[in-house]
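The lines below spell out each chain.
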Amino acid sequence: MLDRVGGEVARATSIVRYAPGSRFSAHTHDLGEEFLVLDGLFMDGHGDYPAGTYVRNPPGSSHAPYTEEGCTIFVKLRQFDLEDQTPVRIDTRRSPFVPGAVPGLSVRPLHEFRGESVALVRWEPGTEFHPHMHMGGEEIFVLEGTFSDEHGDYPAGTWIRSPHASEHQPFSREGCLIYVKVGHLRPGV
Ligand SMILES: [Fe+2]
Ligand SMILES: [Fe+2]
């Protein structure tokens, strides 16, 4: 469990591990479900999603997940704008990255809706970004390598949530691959 707002039915961000051969009961996503497959093979009858697959199941969608070989997913529940009805399935390991804002940075955009945006960002070793402020916050999950800023070093598996109007100047000495979501932590949301 990484982040949880609410009781039994919560707005939650978690890492979920499915043992080989496990099944989850059929369910409907009232407020949407977003996940990134970290390892193994996630299946749900609509498709088979290997490690690196990014999926968005919009509000009102339903499925019955299972896995034969086991899998681990980074998942965000009940965090959709109700009008964000676009299903997304992207195999990020087979899709091109485009040049980012500074040399050494490349970006694989995943989704955008009303100021919220999600992407995978690859940092070549020695890349330095400029200082910036997060209007609407920033959330990062480090997938490979080590991501750093003036507050610390964050190896693979680190989750970072930086609130609205926080600031930093990130860099990566050894290089890294990160999941980044920005614009979704506005005051009052
Ligand atoms: Fe689900
Ligand atoms: Fe940032």
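Above: the structure in question.
Bear in mind the structure is a predicted one, so any value in this text is a computation, not a measurement.

Parameters at a glance
Residues numbered from 1 in each chain as written. Chains lettered and ligands numbered in written order. Predicted model: local features only at pLDDT ≥ 70, side-chain atom pairs only at ≥ 80, totals over all residues. Heavy atoms only, no water. Donors = N, O, S within 2.8 Å, 3.2 Å for Na, K, Ca; no water. Buried < 20%, exposed > 50% of the residue type's maximum accessible area, 1.4 Å probe, protein only. Tetrahedral: all angles 85-135°; square planar, octahedral: opposite > 155°, others 65-115°. Helix = DSSP H or I, 4+ residues; strand = E, 2+ residues; numbered from the N terminus. Pairing = 2+ DSSP bridges. Contact = heavy atoms within 4.5 Å. Phe/Tyr/Trp six-rings, centres within 6.5 Å; stacked < 30°, edge-to-face > 60°. Lys NZ or Arg CZ within 6 Å of the ring centre and 35° of its normal.

1. As for the coordination of the iron ion (ligand 2)
Looking at the iron ion (ligand 2), the protein donor atoms are His132 (NE2), His134 (NE2), Glu138 (OE), Glu138 (OE) and His168 (NE2), and they sit 2.1 to 2.6 Å from it. Taken in sequence order, the residues that donate to the iron ion (ligand 2) follow the motif H-x1-H-x3-E-x29-H. Given a relative accessible area of 8%, glutamate 138 falls into the buried group.

2. A closer look at the coordination of the iron ion (ligand 1)
Distances from the iron ion (ligand 1) to its protein donors, namely His27 (NE2), His29 (NE2), Glu33 (OE) and His63 (NE2), fall within the range 2.1 to 2.2 Å. Of note is the iron ion (ligand 1), whose four donor atoms meet at the metal with angles of 89 to 137° in an arrangement that counts as irregular. Each donor residue of the iron ion (ligand 1) belongs to the same chain, and together they define the spacing H-x1-H-x3-E-x29-H. Of this pair, glutamate 33 sits in strand E4 (residues 33-43) while histidine 63 sits in strand E7 (residues 61-63), and the two are 30 residues apart along the sequence.

3. Digging into the pairing of strand E15 (residues 138-149)
Of all 12 residues that make up E15, nine are buried, and the element is covered over most of its length. In terms of strand pairing, E15 meets strand E17 (residues 159-162) through four bridges, oriented antiparallel. Directly across from glutamate 138, in E17, lies its bridge partner serine 162. In terms of strand pairing, E15 meets strand E16 (residues 152-155) through four bridges, oriented antiparallel. Opposite phenylalanine 147, over in E16, you have tyrosine 154 as the bridge partner. Between E15 and E16, which pair antiparallel in sequence order, lie two residues.

4. With respect to the side chain of threonine 67
For threonine 67, the location among the structural elements is in the loop between E7 and strand E8 (71-77). By relative accessible area, which is 2% here, threonine 67 ends up buried. Excluding its chain neighbours within four sequence positions, the residues that come into contact with threonine 67 are Tyr18, Ala19, Pro20, Gly21, Ser22, Leu41 and Met43.

5. Quick notes on the packing of aromatic side chains
Taken as a whole and judged by the stated rule, the model has nine aromatic pairs. Here phenylalanine 74 and phenylalanine 141 contribute two aromatic rings whose centre-to-centre distance is 4.9 Å and whose plane-to-plane angle is 15°, an arrangement assigned as stacked. Residue phenylalanine 74 is located in strand E8, and its partner phenylalanine 141 is located in strand E15; the two are separated by 67 residues in the primary sequence. Judged by its relative accessible area of 1%, phenylalanine 74 falls in the buried class. Put simply, the rings of Tyr18, Phe35, Phe42 and Tyr49 touch in pairs and so form one group of aromatic residues. The residue whose ring lies beneath arginine 23 is tyrosine 66, and the NZ or CZ to ring-centre distance is 4.7 Å.

6. Thoughts on the environment of proline 58
For proline 58, the position within the fold is in the loop between strand E6 (53-57) and E7. According to the relative accessible area criterion, proline 58 is buried, its value standing at 7%. Separated by 76 residues in the primary sequence, proline 58 and histidine 134 have C-alpha atoms spaced 26 Å apart. When sequence neighbours within four positions are dropped, the list of residues in contact with proline 58 reads His29, Gly32, Phe80, Asp84, Gln85, Thr86 and Pro87.

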